[in-house]
Amino acid sequence: MYRYRRRPNRDGEIVEQLLQLAHQRPEEGFPKLFKRLRRLGRGWGHNRVHRVYCSLKLNKRRKGKRRLPTRNPTPLAVPVAMNQRWSADFMSDALWDGRRYRTFNVVDDFNREALLIEVDFNLPAPRVVRELDRIAAVRGYPHKLRLDNAPELISLALAEWAEQHGVTLEFIKPGKPMQNGFIERFNRSYRQAVFNMYVFTTLNEVQEQP
């Protein structure tokens with residue numbers, strides 16, 4: 001007779017890595033997590049990692065409000081030099097015909113200089129990355145970038161951009177906009193000086209407004 005011998009579990013490291021990445025990025029599914037494992041130098045096969053992913057029930061759709069990792073940004077303070085920290089945020093308003101548009105604003109926290117006000121109907125994550133590169137082409141990349149938890153800002157595209165250029169992403173706690181107080185102050189001034197003062201009929205009019 002043959003005696004059954006259980007095979008040793010060789011998936012322990014995969015389990016540990018997947019659980020760690022899933023906790024850090026709960027909004028990401030298997031394809032993005034697998035890419036992250038590859039960037040970490042893990043050569044595990046796609047089917048093997050997917051089998052472990054499903055066995056951990058990470059493929060089950062989570063109901064209710066999406067949970068974000070714990071956010072503990074450093075206290076808001078004025079940097080001592082340019083490019084130490086930028087702050088970025090979105091604003092929105094509507095044209096005369098009711099069409100909604102958005103602005104992506106970036107300021108340098110050192111001197112509150114407005115580095116960018118990009119206006120369009122849609123500003124997805126790849127567009128955000130492209131605009132940040134456009135700023136950096138003139139003045140270099142920042143050490144830190146302070147953000148809220150908008151979908152475009154917690155995207156894989158922005159995370160890869162930050163990793164590539166050595167930029168630390170600092171996310172504020174949900175519902176705590178004053179943790180990003182410099183950009184929030186700029187947004188208020190911009191809304192009072194532009195959005196509340198003019199009626200725009202086309203997107204070009206918004207883009208041309210200084």
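Preceding this paragraph is the structure being described.
The structure displayed is predicted, hence computed values, not measured ones. (Residues numbered from 1 in each chain as written. Predicted model: local features only at pLDDT ≥ 70, side-chain atom pairs only at ≥ 80, totals over all residues. Heavy atoms only, no water.)

Draft legend 1. Expanded view of the overall build of the chain. Broken down by element type, the chain carries seven helices and five strands. Along the chain direction, N to C, the helices and strands of the chain fall in the order α-α-α-β-β-β-α-β-α-β-α-α. Radius of gyration (C-alpha) of the chain: 22 Å, far over the 17 Å computed for a compact globule of 210 residues. In terms of overall dimensions, the chain has a C-alpha envelope of 90 × 45 × 30 Å along the principal axes. Relative to its 210 residues, the chain shows a buried fraction of 41%. Per element, the accessible surface of the chain, about 13,100 Å² overall, is 51% carbon and sulfur. Computed over 39 positive and 23 negative side-chain charges, the inter-centroid distance for the chain is 13 Å. (Helix = DSSP H or I, 4+ residues; strand = E, 2+ residues; numbered from the N terminus. Rg over C-alpha atoms; globule rule 2.2 N^0.38 Å. Buried < 20%, exposed > 50% of the residue type's maximum accessible area, 1.4 Å probe, protein only. Areas by Shrake-Rupley, 256 points an atom, 1.4 Å probe, with all protein chains shown as cover. Lys, Arg positive; Asp, Glu negative; His and termini not counted. Charge placed at Lys NZ, Arg CZ, Asp CG, Glu CD.)

Draft legend 2. Focus on the side chain of E28. Turning to its location among the elements, E28 is positioned in the loop between α1 (12-24) and α2 (30-39). Engagement of the side chain of E28 in a polar contact is seen with the side chain of R36, the distance being 3.0 Å. What E28 contacts, discounting residues up to four positions off in sequence, is L33, R36 and L156. (Polar contact = N/O pair within 3.5 Å; in protein donor to acceptor, adjacent residues only side chain to side chain. Contact = heavy atoms within 4.5 Å.)

Draft legend 3. How the structure looks around the pattern of salt bridges. In the structure shown here, the tally under the stated rule is 19 salt bridges. The closest approach of N and O atoms between E160 and R39, which form a salt bridge, is 2.9 Å. Of this pair, E160 sits in helix α5 (residues 156-165) while R39 sits in helix α2; the two residues are 121 residues apart in sequence, bridging distant segments of the chain. Under the relative-accessibility criterion, E160 is labelled partly exposed at 32%. Taking relative accessible area as the criterion, R39 reaches 35% and is therefore assigned partly exposed. Each of E118, D120, R127, E131 and R134 takes part in a single network of salt bridges with overlapping partners. (Salt bridge = Lys/Arg side-chain N within 4 Å of Asp/Glu carboxyl O.)

Draft legend 4. Highlighting the environment of A114. Residue position: A114 is located in strand β3 (residues 113-120). Given a relative accessible area of 38%, A114 falls into the partly exposed group. Among all residues touching A114, those that are not within four sequence positions of it are V106, V107 and F186.

Draft legend 5. Highlighting the packing of α1 against α2. Where α1 meets α2, the closest approach of the two axes is 10 Å, and the angle between their N-to-C directions is 120°. Our pair here, α1 against α2, has a crossing hand that is right-handed. Packed against α1, whose contacting residues are Q17, L18, L21 and A22, the element α2 presents L33, R36 and L37 at the interface. In terms of residue class, the contact of α1 with α2 is made up of five nonpolar, one polar and one charged. (Axes fitted to C-alpha atoms, helices over the stretch in contact; angles between N-to-C directions. Left-handed = near helix turned anticlockwise from the far one by under 90°. Nonpolar A, V, L, I, M, F, W, Y, C, P; charged D, E, K, R; others polar.)

Draft legend 6. Structural context of helix α4 (residues 125-139). In this model, α4 (15 residues) spans 21 Å end to end at C-alpha, consistent with the 21 Å of a helix rising 1.5 Å per residue. Considering only its buried residues, α4 is in contact with β1 (85-94), β2 (100-108), β3, β4 (144-147) and α5. (Expected span 1.5 Å × (residues − 1).)

Draft legend 7. Region of the structure containing the environment of R146. Examined against the element boundaries, R146 turns out to sit in strand β4. With 57 residues separating them in the primary sequence, R146 and D89 have C-alpha atoms 8.8 Å apart. From its side chain, R146 meets the backbone oxygen of Q179 in a polar contact 2.5 Å long.

Draft legend 8. A look at a nonpolar patch on the surface. On the surface, V78, M82 and F110 cluster together to form a nonpolar patch covering roughly 260 Å² of accessible area. With respect to the secondary-structure elements, V78 resides in the loop between α3 (46-55) and β1. (Patch = residues over 30% accessible without salt bridge, like charges linked within 9 Å, V, L, I, M, F, W, Y side chains within 5 Å.)

Draft legend 9. Summary view of the packing of aromatic side chains. Applying the stated criterion to the full structure yields eight aromatic pairs. Judged by centre distance (5.1 Å) and plane angle (40°), the rings of F90 and F104 are tilted. Here F90, found in strand β1, pairs with F104, found in strand β2; they are 14 residues apart in sequence, far enough to count as distant. According to the relative accessible area criterion, F90 is buried, its value standing at 12%. Among the aromatic side chains, those forming a connected cluster through ring pairs are Y101, F186, Y190 and F195. Taking NZ or CZ as reference, R102 lies 4.1 Å from the ring centre of F90, over its face. (Phe/Tyr/Trp six-rings, centres within 6.5 Å; stacked < 30°, edge-to-face > 60°. Lys NZ or Arg CZ within 6 Å of the ring centre and 35° of its normal.)

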